[in-house]
Amino acid sequence: MNVKESKLRLSFNSPVVLGFTISCFIVLILDKLTRGASTNMLFSVYRAPLVNPLTYIRFFGHVVGHAGWEHLFSNIMMLLVIGPLLEEKYGSINILAVILATAFMTGVCSFICFPHIHLLGASGVIFAFILLASFTSVKEGKIPLTFILVAIIYIGQQIYKGIFIQDNISNLTHILGGLVGSGFGYLLNKEK
């Protein structure tokens, strides 16, 4: 009887989510080394002239910028829990599309609606992933009750906080991320 030894090895199981996570860490380290100059220049959205090419980079780059370690860790933990499951189900290209669409929508909206606020962080992407995850059990012609509950709780909570609680959290970004995730969830499951 020949028994093979099983060896454990690391697997780069979720290239988009892991790449995004590594990018966030690199950007925060760069932020600390440049005393915030790199984040201000490339990784946060704020009102700037449209003739400046960096404005368009910031529309996407803000999702990898974070205000500090606590901000980063709170976003990355949720991303690493949900992201690989979604990437396995929907594929790397679709997950990258969700991230880019969320970044663009939240970046442009913040640019237009909040000219004096610097938006940064992956929370819009996290909300997109949360709503996308609640679509994973969609069957033909049926909307899962879990999706409706998640949508009501998460988006309702953000609307409430946006109206009644003043903090430094962009509730509109969370709502937009949730809408992007819901839209992608509908489209990706409609094809099946």
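How each quantity is defined
- Residues numbered from 1 in each chain as written.
- Predicted model: local features only at pLDDT ≥ 70, side-chain atom pairs only at ≥ 80, totals over all residues.
- Heavy atoms only, no water.
- Helix = DSSP H or I, 4+ residues; strand = E, 2+ residues; numbered from the N terminus.
- Contact = heavy atoms within 4.5 Å.
- Areas by Shrake-Rupley, 256 points an atom, 1.4 Å probe, with all protein chains shown as cover.
- Buried < 20%, exposed > 50% of the residue type's maximum accessible area, 1.4 Å probe, protein only.
- Lys, Arg positive; Asp, Glu negative; His and termini not counted.
- Salt bridge = Lys/Arg side-chain N within 4 Å of Asp/Glu carboxyl O.
- Polar contact = N/O pair within 3.5 Å; in protein donor to acceptor, adjacent residues only side chain to side chain.
- Phe/Tyr/Trp six-rings, centres within 6.5 Å; stacked < 30°, edge-to-face > 60°.
- Core = buried A, V, L, I, M, F, W, Y, C linked by side-chain atoms within 4.5 Å.

Asker: Give me the lowdown on the overall build of the protein, citing residues and values where you can.
Answerer: Summing up its helical and strand segments, the protein has 8 helices and 0 strands in all. Of the regular secondary structure in the protein, the N- to C-terminal order runs α-α-α-α-α-α-α-α. Pairs at least 24 apart in sequence give 75% of the contacts found in the protein among residues at least 6 apart. A total of about 11,400 Å² of accessible surface is found on the protein, and carbon and sulfur atoms cover 68% of it.

Asker: For the side chain of D31, give the residues involved together with the corresponding values.
Answerer: By secondary structure assignment, the location of D31 is in helix 1 (residues 15-33). There is no salt bridge for the buried D31, and the closest opposite charge comes from K32, which lies 4.0 Å off by N-O distance. Residues contacting D31, with those up to four places away along its chain left out, are G36, S38 and T39.

Asker: Got a sec to walk through the side chain of H62? Specific residues and values, please.
Answerer: As for its position among the elements, H62 is in the loop between helix 3 (53-61) and helix 4 (69-90). Only 3.3 Å separates the side chain of H62 from the backbone oxygen of F59, close enough to count as a polar contact. When sequence neighbours within four positions are dropped, the list of residues in contact with H62 reads L42, F43, S44, V45, A103, T106, G107, L119, L120 and G121.

Asker: An account of the packing of aromatic side chains is needed here, citing residue identities and associated values.
Answerer: Any two aromatic rings considered together are summarised by their centre-to-centre distance and by the angle between their planes. With the rule as written, the count across this model stands at 7 aromatic pairs. Considering the side-chain rings of F25 and W69, the 6.2 Å spacing of their centres and the 40 degrees angle between planes classify their relative orientation as tilted. Taken together, the positions of F25 in helix 1 and W69 in helix 4 put the pair 44 residues apart, joining distant regions of the chain. We classify F25 as partly exposed; its relative accessible area is 26%. Look at F25 and F73: their rings are 5.9 Å apart centre to centre, the planes differ by 55 degrees, and that puts the pair in the tilted class. Here F25, found in helix 1, pairs with F73, found in helix 4; they are 48 residues apart in sequence, far enough to count as distant. These aromatic residues form a ring-pair network of at least three members: Y56, F59, F60, F104 and F111.

Asker: Give a description of the nonpolar core that names residues and reports values.
Answerer: The biggest cluster of nonpolar side chains holds 34 residues, and the ones touching the most others in it are F20, L79, I95, F129 and L132. For this core, the secondary-structure elements that each account for two or more residues are helix 1, helix 4, helix 5 (92-113), helix 6 (123-133), helix 7 (145-164) and helix 8 (171-190). For this core, the element with the highest residue contribution is helix 6, accounting for 7 residues. Not counting chain neighbours up to four residues away, the residues in contact with L132 comprise L86, Y90, I95, V98, G181, F184, G185 and L188.

Any functional reading would require information that these geometric values do not contain.
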